[in-house]
Amino acid sequence: MKAVIYGRQSSGDDDFSESVELQIEKCKALAEREHIEVIGVFSDNNTSGKTFPTGSESIAEMDLAFQAWFREQTARKKYRSGLGDVLKRLDEIDYIIVWDITRLYRPVTGSFLESYVNQQLTAHHIKVLTANNGVVDFSSFN
């Protein structure tokens, strides 16, 4: 089994946010315990989980809920290159390992982001292994 690790630290509005380094350390320990080969480590620093991965710009531009949310933000970062790099590797892996599912996304009500990411994972039969909550299998997740 192969995996990539993804860490993301929020833009600072969470009450508690694990550092990216600590997230990655915990994810590597989990991969070792589960005998999963890690073939890449990716991260996004100081980035909201409400932003889209690179490679999905056309979808984000059509997402009216996301665009409305983004207009109200002071940060100008619309896309996450680390998550975009993870999605480019989906054909090579069985798992994405994250500290918590919220590292992948934090939904904006009515946004396409959650559906977009979940569809990519389902289409590629990827399971998400979280260091603090177990496995999320999107083929049976609703």
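Preceding this section is the structure that the text describes.
Residues numbered from 1 in each chain as written. Predicted model: local features only at pLDDT ≥ 70, side-chain atom pairs only at ≥ 80, totals over all residues. Heavy atoms only, no water.

## Some points on the pattern of salt bridges
What counts is decided by this rule: Any Lys or Arg side-chain nitrogen found within 4 Å of a carboxyl oxygen on Asp or Glu counts as a salt bridge. Runs of H or I in DSSP of at least four residues are treated as helices and runs of E of at least two as strands, each being numbered from the N terminus. Each residue is assigned to one of three classes by its accessible area relative to the maximum for its type, calculated with a 1.4 Å probe on protein chains only: buried under 20%, partly exposed between the two thresholds, exposed over 50%.
Taken as a whole and assessed by the stated rule, the structure comprises 3 salt bridges. One salt bridge connects Lys88 with Asp85, and the closest N-O pair in it is separated by 3.6 Å. With Lys88 and Asp85 both in helix H4 (residues 81-88), this residue pair falls 3 residues apart, about one helical turn. Owing to a relative accessible area of 64%, Lys88 belongs among the exposed residues under this scheme. Judged by relative accessible area, which is 28%, Asp85 ranks as partly exposed. A salt bridge links Glu92 to Arg89; the shortest N-O distance between them is 3.0 Å. Residue classification places Glu92 among the partly exposed residues on the basis of a relative accessible area of 40%.

## Examining helix H5 (residues 113-123)
Keep this limit in mind: Two residues form a contact once any of their heavy atoms are found within 4.5 Å.
Inspection of H5 places Leu113, Tyr116, Val117, Asn118 and Leu121 among the buried residues, and these make up the whole buried set. Buried residues belonging to H5 abut strand S3 (52-53), helix H2 (57-62), strand S4 (79-80), H4, strand S5 (95-98) and strand S6 (127-130). Where H5 terminates, the next one or two residues include His125, which has phi positive at roughly 60°.

## Digging into the nonpolar core
Quick note on the threshold: By nonpolar core we mean a set of buried residues, namely Ala, Val, Leu, Ile, Met, Phe, Trp, Tyr and Cys, connected to one another through side-chain atoms within 4.5 Å.
Among the nonpolar cores identified, the biggest contains 27 residues, and Tyr6, Val86, Leu90, Ile96, Leu104, Leu121 and Val128 are the most heavily contacted of them. Contributing elements (two or more residues each) for this core: strand S1 (2-8), helix H3 (64-71), H4, S5 and H5. Considering every element that reaches this core, the biggest residue donor is H5, with 4 residues. Those residues in contact with Val128 that sit more than four places away from it in its chain are Ile96, Val98, Ile101, Leu104, Leu121, Gly134, Val135, Val136 and Phe138. Listed in part, the 11 residues of the second largest apolar core include Ala3, Val20, Leu30 and Ile97.

## A few points about the pairing of strand S7 (residues 134-137)
To keep things clear, this is the line we draw: Strands pair, by our definition, only if DSSP identifies at least two bridges between them.
In the sheet, S6 pairs with S7 via 4 bridges, with the strands oriented antiparallel. Looking at S7, one finds that Val128 is bridged to Val136. Hairpin connection, S6 to S7: the antiparallel pair is bridged by 3 residues.

## Overview of the sheet that holds strand S2 (residues 37-44)
Convention followed: Inter-axis angles, ranging from 0 to 180 degrees, are taken between N-to-C directions of lines fitted to C-alpha atoms, where helices are fitted over the stretch in contact.
Pairing within the open sheet is mixed, and its 5 strands lie in the order S2-S1-S5-S6-S7. Because the sheet does not close on itself, it has two edges, and the strands there are S2 and S7. Ignoring which end each strand starts from, the neighbouring axes of this sheet average 25° apart. Where S1 meets S5, 3 bridges bridge the pair, whose relative direction is parallel.

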